[in-house]
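Overview (structure and organization)
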Amino acid sequence: MIFLALKTEDGRITGKISFYCRMLGISRQGFYKYLANKDRPWKYQDLADAMKEIISEDECNDTYGRIRMYQALLLKQPEGVHIPSERTVYRVMDQIGLSHRPRRKPNGLTKADREAMKSDDLLKRDFHSDAPLEKCITDITEIPACNGKLYVSAIFDCFDLSVLGLSMGTNMKADLCIQTLENALTAYPALEGAIIHSDRGTQYTSESYRQTIREHHIHQSMNSAGGRCHDNARCESMWARMKTELLYDRYDTKQMTVEELKVLIWRYFLSYWNNRRICSANGGLPPMIKRRQYYFATDRDGNNIIHSGINAEARVVSVIRAGIFVDLFGLETYIPLKELSYQRLLDAASQFHTGQRILVKILEVERKNHDVRVLASVKQATENPYEKALRK
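Scope of this entry: the structure provided in the associated data block.

Here is what the cut-offs are and how they apply
- Residues numbered from 1 in each chain as written.
- Predicted model: local features only at pLDDT ≥ 70, side-chain atom pairs only at ≥ 80, totals over all residues.
- Heavy atoms only, no water.
- Phe/Tyr/Trp six-rings, centres within 6.5 Å; stacked < 30°, edge-to-face > 60°.
- Helix = DSSP H or I, 4+ residues; strand = E, 2+ residues; numbered from the N terminus.
- Buried < 20%, exposed > 50% of the residue type's maximum accessible area, 1.4 Å probe, protein only.
- Expected span 1.5 Å × (residues − 1).
- Bend = angle between axes of the 7 residues up to and from the residue.
- Contact = heavy atoms within 4.5 Å.
- Polar contact = N/O pair within 3.5 Å; in protein donor to acceptor, adjacent residues only side chain to side chain.
- 1 Å grid on protein atoms, 1.4 Å probe; cavity = no way out; pocket = protein on both sides within 12 Å on 5 of 7 lines; lining within 4 Å.
- Points joined across faces, edges and corners; volume = space filled by probe spheres on them.
- Nonpolar A, V, L, I, M, F, W, Y, C, P; charged D, E, K, R; others polar.

Let us now look at the packing of aromatic side chains. One pass over the structure, following the stated rule, counts 9 aromatic pairs. When the ring of Phe 156 is compared with that of Phe 269, the centres are 6.0 Å apart and the planes differ by 70 degrees; the resulting orientation is edge-to-face. Here Phe 269 lies in helix H11 (residues 258-275) and Phe 156 lies in strand S2 (residues 148-157), a separation of 113 residues in the sequence. There is no split in this pair, since Phe 156 and Phe 269 are both buried.

Let us now look at H11. Its 18 residues place the ends of H11 25 Å apart at the C-alpha level, agreeing with the 26 Å of an ideal helix rising 1.5 Å per residue. At Tyr 268, H11 shows its strongest bend, of approximately 30 degrees. Here H11 has its buried residues at Val 258, Leu 261, Lys 262, Leu 264, Ile 265, Tyr 268, Phe 269, Tyr 272, Trp 273 and Asn 274. Where H11 is buried, its residues touch strand S1 (135-145), S2, strand S3 (163-169), helix H10 (233-247) and helix H12 (287-295).

As for its placement among the helices and strands, Gly 80 is situated in the loop between helix H5 (66-76) and helix H6 (86-95). Relative accessible area serves as the criterion here: at 69%, Gly 80 is assigned to the exposed category. Between the alpha carbons of Gly 80 and Asp 46 there is a distance of 8.1 Å; along the sequence they are 34 residues apart.

All right, on to the side chain of Arg 291 then. Mapped onto the elements of the fold, Arg 291 is located in helix H12. Assessed through its relative accessible area of 1%, Arg 291 is described here as buried. In terms of polar contacts, Arg 291 uses its side chain to reach the side chain of Asp 157, at 2.8 Å. A distance of 2.9 Å separates polar atoms of two side chains, one belonging to Arg 291 and the other to Ser 162. Apart from the residues within four sequence positions on either side, Arg 291 is in contact with Pro 132, Leu 133, Asp 157, Phe 159, Asp 160, Ser 162, Leu 164 and Tyr 188.

What follows covers the layout of surface pockets. Left-over empty space is what a probe sized like a water molecule reveals as it rolls over the atoms. Approximately 510 Å³ is the volume attributed to the second largest pocket. What lines the second largest pocket is a set of 23 residues, among which Tyr 188, Leu 270, Asn 274, Arg 315 and Asp 327 lie closest to the centre. Counting residues per element, the ones that place at least two in the lining of the second largest pocket are S3, helix H7 (174-187), H11, H12, strand S6 (311-320) and strand S8 (331-336). By residue class, the composition of the lining of the second largest pocket is 11 nonpolar, 8 polar and 4 charged.

Below is the structure:
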């Protein structure tokens, strides 16, 4: 049609139209319909612009397929854009060159210690969890660098696939897994008593790792006998996602140092993965949004799970002279310290530090649509966190 329009100057040279249509095997009606519509704006242009904007928000968003792109559109609800069916989203993505097709397969890494004592498989490939911090999975992956190899260990929550703990090093000894577990417990003290599932690697069967597990009353679970990778398939798929979205066809890791890779992976997991990445398993929600919706929802009896008057453990995110910011159930909350005397305020503020666990009392929970605002106090909690901070 384009060739014919050029040759006939958009139909103005009428004497040649019949000849060209006959030679090209098209009808004159079809050619005139093309001329009538060729200058009209594309009806999916606004949708295509919204998709391009989503892709440009984060570096790894260009790995979105049709499902996650459709879920991202539903979550963001771009103004003035009609969101069609998932199939139409796929066709538009294909037309503007946004289709993503993974091309690589992951390889196994860990080696089983056949002599070590094993733990039972408590999950039995059931990776579904109805509440946070009940079922978790952990594993190690390897990334080559120009000055060695980087080993990444992480703990994922089966509830929303968020990263609870992350640690990296240049070896894959048990200390790496222990540090991952301690990082997770620092960020989420309520992890004590949960199930943590892993493969049968020597790191997880070591006595030092088992001792750490026992100290925190955590139930250890391992793959069943025979070294079946499918018993920890959810965690294996997390590594495959990370490498496909962050590394493959984007960075040549063998030209990067271990320290450069550490920064890249920290940012990916703790900033992008936990807070902004659309996750299809969460119904199109990033992990922290799903977690927040759970904590500020209602139970089976219609009662708010989080309400005023209860005590909760929080993690200090940052400290300023007038107060502290804490992570309370995935929601960053500001707590002023003005309720203390001036001298004790200075003493307490100097003792609080990032990552510290303190006890707070929830004074008020304000819910408005999907926005939640929490007022909390450290002074009115059962155990005075100021005294706890000063003792440390």
